[in-house]
Amino acid sequence: DLEIIAALQINGRANYADLAKKVDLSPAAIRLRVNRLIESRVLDIVAITDPLRIGFTVQAMVGLTVDGDIEELSTKIGALDAAVYVVLTAGRFDMLVEVLCADNDHLLDVLNELRGLDGVLSLEAQTYLRLVKQTYAWGIPPVDQQ
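Here is what the cut-offs are and how they apply
- Counting starts from 1 at the beginning of each chain's written sequence and moves along it residue by residue.
- The predicted nature of this model means local features are confined to residues of pLDDT at least 70 and side-chain atom pairs, given and counted, to a pLDDT of 80 or more, with totals for whole chains, interfaces and linings taken over all residues.
- Note: side-chain values were computed over all heavy atoms of the structure, leaving out hydrogens and water.
- Only DSSP runs of H or I covering at least 4 residues are called helices, and only runs of E covering at least 2 are called strands; the numbering of each starts at the N terminus.
- To sort residues, take the accessible area from a 1.4 Å probe on protein chains only and compare it with the maximum for the residue type: under 20% means buried, over 50% means exposed, and anything in between is partly exposed.
- Whether two strands pair depends on DSSP finding at least two bridges between them.
- The axes used here are C-alpha line fits, helices contributing only the stretch in contact, and every angle between their N-to-C directions lies in the interval 0 to 180 degrees.
- Here a residue-residue contact requires only that any non-hydrogen atoms of the pair lie within 4.5 Å.
- For classification, angles of less than 35 degrees are called roughly parallel, those exceeding 145 degrees roughly antiparallel, those between 65 and 115 degrees roughly perpendicular, and all remaining angles oblique.
- Charged residues are taken to be Asp, Glu, Lys and Arg, nonpolar residues to be Ala, Val, Leu, Ile, Met, Phe, Trp, Tyr, Cys and Pro, and polar residues to be all remaining types, Gly included.
- Here, expected helix span is obtained from the residue count minus one, scaled by 1.5 Å.
- Note: the arc covers the axis-to-C-beta directions of the helix.

Draft legend 1. Broad picture of unusual backbone geometry. In the Ramachandran plot, D24 falls in the positive-phi region, its phi being about 60 degrees despite a non-glycine side chain. Positionally, D24 belongs in the loop between helix 2 (16-23) and helix 3 (27-39). We classify D24 as exposed; its relative accessible area is 71%. If you check the backbone angles, R41 has positive phi at about 65 degrees while not being a glycine. Tracing the backbone shows R41 in the loop between helix 3 and strand 1 (58-66). Since its relative accessible area comes to 77%, R41 is described here as exposed.

See the structure below:
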C-alpha cells in the first residue's frame with residue numbers, strides 16, 4: 001500500500017497497469033488496493049491548483065487566540081470559504097487558519113469576519129510573500145520514478 005501511495009503522490013493520474021509495474025502486482029490487485037485506500041479515507045486523489053494562477057493573489061496564515069469552545073469555533077471557521085486549513089495548536093496561538101484571498105481588500109474582509117466571531121480574542125496575520133516549497137509527498141519512501 002505504501003508503494004502505491006508513493007507512486008500516486010508522484011503521479012495521481014497513473015493508470016493501474018503502470019502502477020502494477022512499479023509495485024510488482026497485477027492491475028486488478030492495484031485497483032482493489034486503491035479502492036480500499038480511498039474507501040478507508042487513507043488516500044484521497046485530488047487536483048492541486050496554483051492559487052496565483054486562478055485569481056488568489058494573497059495567502060496568509062492567521063494565528064488566533066480564543067476563549068470558549070475551540071472545537072465549535074474551529075467548525076465555524078472551517079466553514080468559511082477563504083479558510084483552506086484550520087488546525088488547533090499548543091503554544092503562542094490556539095488555532096492557525098490559512099486563508100486564500102483574491103486581494104488585500106478580500107483579506108481585510110476575512111480578518112474582520114474572523115475578529116467578529118464570538119470567542120476570538122485576538123489574531124495575527126502573516127501574509128505570504130513567496131511560497132518556496134509545498135509538497136504532498138511526505139511520509140512515504142520514494143519509489144523509482146522511471
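Draft legend 2. Here's a closer look at the sheet that holds strand 4 (residues 120-127). Strand order in the open sheet formed by four strands is 2-3-1-4, and the pairing between neighbours is antiparallel. The open sheet has two edge strands with one neighbour each: strand 2 (83-88) and strand 4. Averaged over neighbouring strand pairs, the angle between their axes works out to 20 degrees when direction is ignored. Against the sheet, helix 4 (residues 70-78) contacts strand 1, strand 2, strand 3 (95-101) and strand 4, and its axis sits at roughly 170 degrees relative to strand 2. In the packing of helix 5 (residues 104-115) onto the sheet, the strands contacted are strand 1, strand 3 and strand 4, and the crossing angle to strand 4 comes to about 160 degrees.

Draft legend 3. Representation of the packing of helix 1 (residues 2-10) against helix 3 in the model. It is the contact of helix 1 with helix 3, at a shortest axis distance of 11 Å, that shows an interaxial angle of 80 degrees. The orientation of helix 1 with respect to helix 3, classified from their angle, is roughly perpendicular. Contact with helix 1, carried on its side by I4, I5 and L8, involves I30, R33, V34 and L37 of helix 3 and no other residues of that element. Here the contact of helix 1 with helix 3 is built from residues that sort into six nonpolar, no polar and one charged.

Draft legend 4. Structural detail: helix 3. Here helix 3 is 13 residues long and its end C-alpha atoms lie 18 Å apart, about the 18 Å a rise of 1.5 Å per residue gives. Those residues of helix 3 not exposed but buried are I30, V34 and L37. Burial along helix 3 is one-sided: seen end-on, the buried residues are contained in an arc of 65 degrees. Looking at helix 3, the residues exposed on the side facing more than 90 degrees away from the buried face are L32 and E39. In this structure, the buried side of helix 3 is in contact with helix 1 and helix 2.

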